[in-house]
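Chain and residue survey
One letter stands for each residue in the lines below.
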Amino acid sequence: MRRESSREWRPSLVAAGGGSIVAAGTMLPWISLFAGLHSYAGIAGLYGRMMFAGGALAVAGGVAILVRPDPRLRLAIGSLGLALTIFAAWVLWGLRSTTHGLARHPLLLARPGPGLFVVLAGALLVAALLSPLPWRYDNAH
Amino acid sequence: MHTRSLSLSALFAVASMVVGCADQRSPGEPSSTRSSLAANHDAHSGASVGFTDGWQNGTTVSFFYTKPFFCSDGPPSGAPSGCEVGEDGTSDPRPGKIPVLYVMTPTGFRPDASTLQCPIPGNCINHPSTIDLSRVFGPGFADVPLPAHSHIIDSDLDESQSNGGEAGWWEIEVIGVSSPAVWDQIVAGKSLATVRALQAAGVGITDDIRSNAYLFFSVRPKT
């Protein structure tokens, strides 16, 4: 009984935890200049705000899974995680191009910040809900 | 043939200066004789040629840039330029000790523009006019202003006297200043000694942040 209860929490924790990590990543610097002295957090731009909204949605979805443990809900949140992963990977590619471009100017001392990598990690965690793990209500239904 | 060749060269030089100026300063920016005048490109190497101001031993001097920057082979960098920050390079552009150019960077506040040698985006040689971060942050981030900064050197150091104290390589190190009061003291002192004293106090200023990037310029009296 206790084991099944813990399994019920698992997808909820994954969704809420992953979503929180995504949201936290948008608050962290995505790129910095002058060796980290001037940093720009992701939330400052549209892409960061979109990812923050996605993270918040995943957290809300995690709570919803607790209230209504429906496998379709888990799949929906997992799909959101997959979309966030693809989005974050695409922006990471843009970050790479941007830092390469800015590196041609040695006084700028541009380098990527940790935020976008944190977003990607959180998105991957949320996307893990799509994996064929023994989620509790899969067995129950 | 020779005359034609000279004419073409002159035309190219004039065109380069026009393009260089247009690229370095946006129409809305006021002209400044105090800050840098990155003006043209060297026809032989493609290097940017121009001036920035700098502080040296209590006075303001001019730096005259004539060669492209140099980034050492290491530490590892994913950038095509090979530039990396936070770690010293494994190879230098020439043997022997190399003097340091300290990039003084205000953080968290905007000092008076008269105290900044690169106060206006694009007014400094080797700097982009503005930064396009739209691929990272999305629409609205295609024209981010370049953070302002100033420069300090100390040519009393032995290594600064190499090449007769004239043109040579300078290693870039960054120092962040988070306190307006500290910034004002640096502006008043215009010297590395002032910076070192403030670093010793340990408030409102960072330690030296090393890089593997080098610039080539000569130090000239400010005219």
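It should be noted that the structure appears before, not after, this text.
Here is a short report on the structure shown in this document. If you're wondering where the values come from, they're calculated on a predicted model, not measured in any experiment.

A short note on the interface of chain A and chain B
- Residue-level contacts link 29 residues of chain A with 41 residues of chain B.
- Here chain A and chain B share an interface that buries about 2900 Å² over both sides, 78% of which is from carbon and sulfur atoms.
- In this assembly, chain A and chain B are joined by 3 residue pairs in polar contact (both at pLDDT 80 or more).
- Those elements giving two or more residues to the side of chain A that touches chain B turn out to be β1 (29–33), β2 (38–41), α2 (46–67) and α3 (71–102) of chain A.
- Top element by residues in the side of chain A that touches chain B is α3(A). It accounts for 7 residues.

Details of the packing of α2(A) against α3(A)
Residue and element names in this part refer to chain A.
- Relative to each other, α2 and α3 sit at 160 degrees, their axes nearing to 10 Å. One element, α2, and the other, α3, form an angle in the roughly antiparallel class. The hand of the α2/α3 crossing is left-handed. Seen from α2, the contacting residues are Y47, M50, M51, G54, G55, L57, A58, G61, G62, A64 and I65; seen from α3, they are L73, R74, I77, L80, L84, F87, A88, W90 and V91.

Quick look at the packing of aromatic side chains
- Counted by the stated rule, this structure contains 11 aromatic pairs over all chains.
- Ring geometry for W169(B) and F216(B): centres 5.2 Å apart, planes at 75 degrees, overall edge-to-face. Pair noted here: W169(B) is in strand β9 (residues 168–177) and F216(B) is in strand β10 (residues 209–221), with a separation of 47 residues, a long-range link.
- In this structure W169(B) comes out as buried when scored by relative accessible area, which is 13%.
- By the ring-pair criterion, three or more aromatic residues cluster together here, those being W30(A), Y40(A), F137(B) and F141(B).

Rules behind the numbers
The residue numbers shown here count from 1 along each chain, following its written sequence. By the order in which they are written, chains take letters starting at A while ligands take numbers starting at 1. The predicted nature of this model means local features are confined to residues of pLDDT at least 70 and side-chain atom pairs, given and counted, to a pLDDT of 80 or more, with totals for whole chains, interfaces and linings taken over all residues. Just so you know, side-chain values use all the structure's heavy atoms and leave hydrogens and water out. The contact rule is simple, with two residues in contact once any of their heavy atoms fall within 4.5 Å. Accessible-area loss on putting two parts together, using a 1.4 Å probe and summing over both, is the definition of buried area adopted here. N or O atoms within 3.5 Å of each other form a polar contact, as long as, within protein, one can give a hydrogen and the other can take it, and as long as residues adjacent in sequence are counted only when both atoms are side-chain atoms. Numbering of helices and strands starts at the N terminus; helices are DSSP runs of H or I of at least 4 residues and strands are runs of E of at least 2. Axes here refer to lines fitted to C-alpha atoms; in helices the fit is confined to the stretch in contact. Angles between the N-to-C directions go from 0 to 180 degrees. We call two directions roughly parallel when the angle between them is under 35 degrees, roughly antiparallel when it is over 145, roughly perpendicular when it lies between 65 and 115, and oblique otherwise. Helix crossings fall into two classes, left-handed where the near helix is turned counterclockwise from the far one by less than a right angle and right-handed where it is turned clockwise. Ring pairs shown here join Phe, Tyr and Trp side chains whose ring centres sit within 6.5 Å, with only the six-membered ring taken for Trp; geometry is labelled stacked below 30 degrees between planes, edge-to-face above 60, and tilted in between. For the exposure calls, accessible area comes from a 1.4 Å probe over protein chains only, and a residue counts as buried if that area is under 20% of its type's maximum, exposed if over 50%, partly exposed in between.

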